[in-house]
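So the chains spell out like this:
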Amino acid sequence: MDPSPQNSSSTAGNGGLPSTGAPAASSPAPNPTSAGTIGSAADPAEEAKQNLTQVINSVDKTLGLLHQLYLTVSSFSVASQLPLLQRLNALVAELDAMQKMADKCNIQVPMEVVNLIDDGKNPDEFTRDVINSCIAKNQITKGKTDAFKSLRKHLLEELDQAFPDEVETYREIRASSAAESKRLAQSQSALPNGDVKVKQEH
């Protein structure tokens, strides 16, 4: 049996709504032949993006089928047994197609996101927490860096008063070392035609 969403959505009298079939019909199952043709001509990044889009469409279609099943079961009667079986078959077929398409996608999902979804929470909370954690660690690192810069400046001032000649020699060595490092970096970033890569200022 190969049920279609149109057949399942036409039975509005047994708990289904005519409008609920629209989301499922708006995202048809992908054609493997056309996907293979496009994937062979496109680069791997474009093919991976297309595979991900197909999985997303399949997930949306599955959610529509689950909603239709909920409506059918909530107002179940003897007359709605056949539409219920059709929608169950459609759901199983869509899940099978989703599994086959998901095998082509190489996406790593953190377990924290899966746990949040299992707890009924928004997975965007994980992204927010990660960003806030990065900002906090960045501020801590910046504070340590500023503290070391302040300590270095203070030590140079104290050493300049006690050993002015040695500090002057140290500054000359640092200046020549910095110039040499800059020259080396420019030579490594040279293009084959002799030009130098210029870093864009933002």
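Since this is a predicted model, take the numbers as computed values, not measurements. (Residues numbered from 1 in each chain as written. Predicted model: local features only at pLDDT ≥ 70, side-chain atom pairs only at ≥ 80, totals over all residues. Heavy atoms only, no water.)

Asks: Where do I start with the overall build of the protein chain in this structure?
Replies: What the protein chain contains, in helices and strands, is 8 helices and 0 strands. Secondary structure elements of the protein chain, listed N to C terminal, follow the sequence α-α-α-α-α-α-α-α. The buried share of the protein chain, reckoned over its 202 residues, is 21%. By sequence separation, contacts in the protein chain at least 24 residues apart represent 57% of the contacts at least 6 residues apart. Summed over its atoms, the accessible surface of the protein chain is roughly 15000 Å², and 59% of this surface lies on carbon and sulfur atoms. (Helix = DSSP H or I, 4+ residues; strand = E, 2+ residues; numbered from the N terminus. Buried < 20%, exposed > 50% of the residue type's maximum accessible area, 1.4 Å probe, protein only. Contact = heavy atoms within 4.5 Å. Areas by Shrake-Rupley, 256 points an atom, 1.4 Å probe, with all protein chains shown as cover.)

Asks: Explanation requested: the pattern of salt bridges in the structure shown.
Replies: Note that side chains of opposite charge can pair when their charged atoms are close. In the structure shown here, the tally under the stated rule is 6 salt bridges. One salt bridge connects R128 with D129, and the closest N-O pair in it is separated by 3.6 Å. Since its relative accessible area comes to 42%, D129 is described here as partly exposed. (Salt bridge = Lys/Arg side-chain N within 4 Å of Asp/Glu carboxyl O.)

Asks: Could you clarify how one ought to interpret the packing of helix α7 (residues 124-162) against helix α8 (residues 164-188) in this entry?
Replies: Any two packed helices are characterised by the angle at which their axes cross and by the distance between the axes. The geometry of α7 relative to α8 is characterised by a closest axis approach of 6 Å and an angle of 135 degrees between their N-to-C directions. The angle between α7 and α8 falls in the class oblique. On the side of α7, the interface is formed by R152, L156, L159, D160, Q161 and A162, while α8 contributes P164, V167, Y170, R171 and R174. In the contact of α7 with α8, the residues fall into 6 nonpolar, 1 polar and 4 charged. (Axes fitted to C-alpha atoms, helices over the stretch in contact; angles between N-to-C directions. Parallel < 35°, antiparallel > 145°, perpendicular 65-115°, else oblique. Nonpolar A, V, L, I, M, F, W, Y, C, P; charged D, E, K, R; others polar.)

Asks: Teacher, can you tell me more about the nonpolar core here?
Replies: Soluble globular proteins: nonpolar side chains tend toward being buried together. Counting 5 residues, the largest nonpolar core consists of L65, L69, L84, A90 and L91. Secondary structure elements with two or more residues in this core: α4 (44-74) and α5 (81-102). In terms of residue count, α5 provides more of this core than any other element does, 3 residues in total. Residues in contact with L84, not counting those within four places in the same chain, are L69, T72, V73 and F76. (Core = buried A, V, L, I, M, F, W, Y, C linked by side-chain atoms within 4.5 Å.)

Asks: When you look at a nonpolar patch on the surface in this model, what are you seeing that I'm missing?
Replies: A contiguous nonpolar patch, built from L52, I56, I107, V109, M111 and V114 and spanning about 510 Å² of accessible area, is present on the exposed surface. Among the structural elements, L52 can be located in helix α4. Looking at L52, the relative accessible area reads 34%, which means it is partly exposed. (Patch = residues over 30% accessible without salt bridge, like charges linked within 9 Å, V, L, I, M, F, W, Y side chains within 5 Å.)

Asks: Where do I start with the packing of α4 against α5 in this structure?
Replies: In contact at an axis separation of 9 Å, α4 and α5 are set at 160 degrees when each is read in the N-to-C sense. Taken together, the axes of α4 and α5 lie roughly antiparallel to each other. Pair α4 / α5 crosses with left-handed handedness. Of the residues in α5, those in contact with Q54, V55, S58, V59, K61, T62, L65, L66, Q68, L69, T72 and V73 of α4 are L84, R87, L88, A90, L91, E94, L95, M98, M101 and A102. A breakdown of the residues in the contact of α4 with α5 according to their chemical character gives 14 nonpolar, 5 polar and 3 charged. (Left-handed = near helix turned anticlockwise from the far one by under 90°.)

Asks: Looking at this structure, I do not really get a negative patch on the surface. What am I missing?
Replies: On the surface, D165, E166, E168 and E172 cluster together to form a negatively charged patch. Summarising the element assignment, D165 is placed in helix α8. (Lys, Arg positive; Asp, Glu negative; His and termini not counted. Charge placed at Lys NZ, Arg CZ, Asp CG, Glu CD.)

Asks: Looking at this model, I keep getting lost on the confidence of the model for the protein chain. Mind explaining?
Replies: A low pLDDT score tells you not to read the predicted coordinates there in detail. With 72% of its residues at a pLDDT of 70 or more, the protein chain shows a mean pLDDT of 77. When pLDDT is averaged over each element of the protein chain, α7 comes out on top at 93 and helix α2 (residues 21-26) at the bottom at 42. Low pLDDT (under 50) marks residues 1-30, which in the prediction has 44 contacts with non-local residues, meaning those over four places away or in another chain. Contacts for the low-pLDDT stretch residues 32-41, under 50 throughout, to residues beyond four places or in other chains number 5 contacts. (pLDDT = per-residue confidence, 0-100.)

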